[in-house]
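Notes for the structure review
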Amino acid sequence: MALNVLALADRLRTEADAYLFLEELRWGDRPVCPHCGSIRTPYFLRPREGSSRRTRTGSASQRRVWKCADCRRQFSVLTGTIFHGSKIPVRTWVFIVFDMASSKNGVSAREIERKYSLTAKTAWFALHRIREAMTREPLAGLLSGRVVADETWFGGKPSNRHGHDPRKSIQGRHDKTAIMSLVSRETGEVRSQVVNNVKPATLRSVLREHVVPSATHLHTDSARNYRLIGHEFASHEAVNHTNREYVRGDVTTNHAEGYFAQLKRSLDGTHHHVSREHLPRYLAEFDFRYTTRRDSDTERMERIIRRVAGRRLTYRPARGEACR
Ligand SMILES: [Zn+2]
């Protein structure tokens with residue numbers, strides 16, 4: 001079902017609605033105990049007084065709580081997920097996930113802070129928790145077929161930013177971060193990562209991690225670095241950007257360049273400043289959004305919600321980065 005923000009608001013009128021919504025998406029009609037994995041029908045702990053229960057502080061809570069038929073422990077649909085242990089109402093969480101899923105350039109912590117009356121820090125953490133759910137599965141398979149590989153440079157001093165004479169920009173690379181992206185022409189999936197440099201050995205090791213060399217037709221621009229390792233793949237075709245050649249037959253790196261353009265627009269325009277330390281999390285967000293670009297906003301939101309379990313944050317904001 002396609003939802004826009006109005007339909008979502010209509011469906012999630014109360015906290016209990018939001019719990020139900022997550023239960024349906026994560027479990028279908030069969031709750032799974034996050035403690036022992038049991039799918040034996042658990043007991044629903046019906047609140048004594050109507051639809052809400054009292055918390056220790058005396059306020060009404062609409063948490064939907066279950067008790068496992070095997071291990072006898074209690075759980076809710078939030079247990080063991082990125083939403084667990086947060087003070088943000090579940091309803092608000094679902095809306096923030098929808099915002100993340102439906103905005104092309106991402107949303108800034110500032111926007112979320114204002115829109116949902118959260119503190120700056122809470123908003124910052126909420127977005128990073130959702131990015132955690134957007135991270136690629138650790139056991140994602142290897143790519144094969146036509147794969148575009150390309151790199152870009154990000155960050156650095158404003159005087160070194162893009163738009164300056166490219167011949168001078170080599171100097172500026174000292175304070176820039178290199179990003180390498182692989183785009184599968186077969187599935188549309190993109191995988192990006194921060195790399196220390198763009199030497200052939202580095203590019204090779206990233207490629208080895210993500211593709212089956214003997215089944216991969218590598219498309220790159222004519223950078224010399226790839227010419228040195230191209231023979232290690234089923235084939236290697238390069239378009240020659242210095243000759244203003246961007247497409248030759250089936251060979252093009254436009255997919256990667258389109259991705260980088262969007263990424264930079266967002267990092268500069270929406271987020272303003274992203275430290276190198278946290279850059280991988282933003283890349284995960286953009287890879288996810290690009291990979292699922294043909295999905296509807298609702299499908300993208302549902303994908304995120306199905307991936308919220310088993311991912312916990314273990315870091316703090318970097319100094320000076322708090323809450324941007
Ligand atoms: Zn259990």
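Residues numbered from 1 in each chain as written. Predicted model: local features only at pLDDT ≥ 70, side-chain atom pairs only at ≥ 80, totals over all residues.

1. Remarks on the packing of helix α4 (residues 109-116) against helix α5 (residues 120-134)
Rules: A fitted line through C-alpha atoms serves as each axis, taken over the contacting stretch for helices, and the angle formed by two N-to-C directions is quoted from 0 to 180°. Think of it this way: any DSSP run of H or I at least four residues long counts as a helix, any run of E at least two long counts as a strand, and we number them from the N terminus. Orientation is classified from the angle alone, with under 35 degrees giving roughly parallel, over 145 giving roughly antiparallel, 65 to 115 giving roughly perpendicular, and any other angle giving oblique. Here a crossing is called left-handed whenever its near helix is offset anticlockwise from the far helix by less than a right angle, and right-handed whenever the offset is clockwise. The contact criterion used here is simple: two residues whose C-beta atoms, placed from the backbone, lie within 7 Å are in contact.
Where α4 contacts α5, the axes come no closer than 8 Å and their chain directions differ by 120 degrees. Taken together, the axes of α4 and α5 lie oblique to each other. Once α4 is placed against α5, the crossing between them reads as right-handed. Taken together, the residues of α5 that come into contact with α4 (itself represented by Ala109, Ile112 and Glu113) are Ala120, Ala123, Trp124, Ala126 and Leu127.

2. Here we look at the environment of Val183
As for its placement among the helices and strands, Val183 is situated in strand β7 (residues 177-184). Spatially, the C-alpha atoms of Val183 and Thr253 are 9.0 Å apart, while their sequence positions differ by 70 residues.

3. Digging into the sheet that holds strand β5 (residues 74-75)
Applicable threshold: Strand pairing follows a simple DSSP-based rule, namely that at least 2 bridges must link the two strands.
One open sheet accounts for three strands, arranged β1-β4-β5; its pairing is antiparallel. The open sheet is flanked by β1 (43-44) and β5, the only strands paired with a single partner.

4. Let's talk about the sheet that holds β7
Spatial strand order, β8-β7-β6-β9-β10: five strands in an open sheet with mixed pairing. Looking along the sheet, the strands with just one partner apiece sit at the ends: β8 (190-195) and β10 (235-239). If you compare each strand with its neighbour and ignore which way they point, the axes differ by 25 degrees on average. With eight bridges joining them, strand β6 (residues 143-154) and β7 adopt antiparallel strand pairing. Each residue of the ladder has a partner; that of Val147, found in β7, is Ser184. Lying on the sheet, helix α10 (residues 279-291) is in contact with β7 and β8; it crosses β8 at an angle near 165 degrees.

5. Describing the nonpolar core
Here is the rule we go by: For our purposes the nonpolar core covers buried Ala, Val, Leu, Ile, Met, Phe, Trp, Tyr and Cys residues that link as a set through C-beta atoms within 7 Å. Neighbour density around each residue's C-beta defines its exposure: 20 or more other C-beta atoms within 10 Å make it buried, 12 or fewer make it exposed, and counts between make it partly exposed, where C-beta atoms are placed from the backbone.
Membership of the largest hydrophobic core comes to 32 residues, with the highest contact counts inside it found for Val90, Val94, Ile96, Val97, Ile130 and Ile304. Here this core gets nine residues from one element, more than from any other, and that element is helix α3 (residues 90-102). If you look at the next biggest cluster of nonpolar residues, it comprises 25 residues, including Ile179, Tyr259, Phe260 and Phe286.

6. Focus on unusual backbone geometry
Positive phi, close to 65 degrees, is recorded for Arg72, a residue that is not glycine. By secondary structure assignment, the location of Arg72 is in the loop between β4 (66-67) and β5. Note on Arg72: 12 C-beta atoms within 10 Å, which makes it exposed. In this structure, Ser117 takes a positive phi of about 50 degrees despite not being glycine. Mapped onto the elements of the fold, Ser117 is located in the loop between α4 and α5. On the neighbour-count criterion, Ser117 (10 C-beta atoms within 10 Å) is exposed.

7. Considerations on the environment of Arg91
Along the chain, Arg91 falls in helix α3. Owing to 21 C-beta atoms within 10 Å, Arg91 belongs among the buried residues under this scheme. Separated by 69 residues in the primary sequence, Arg91 and Leu22 have C-alpha atoms spaced 9.8 Å apart. The residues touching Arg91, leaving out its near neighbours within four places in the chain, are Leu12, Glu15 and Ala18.

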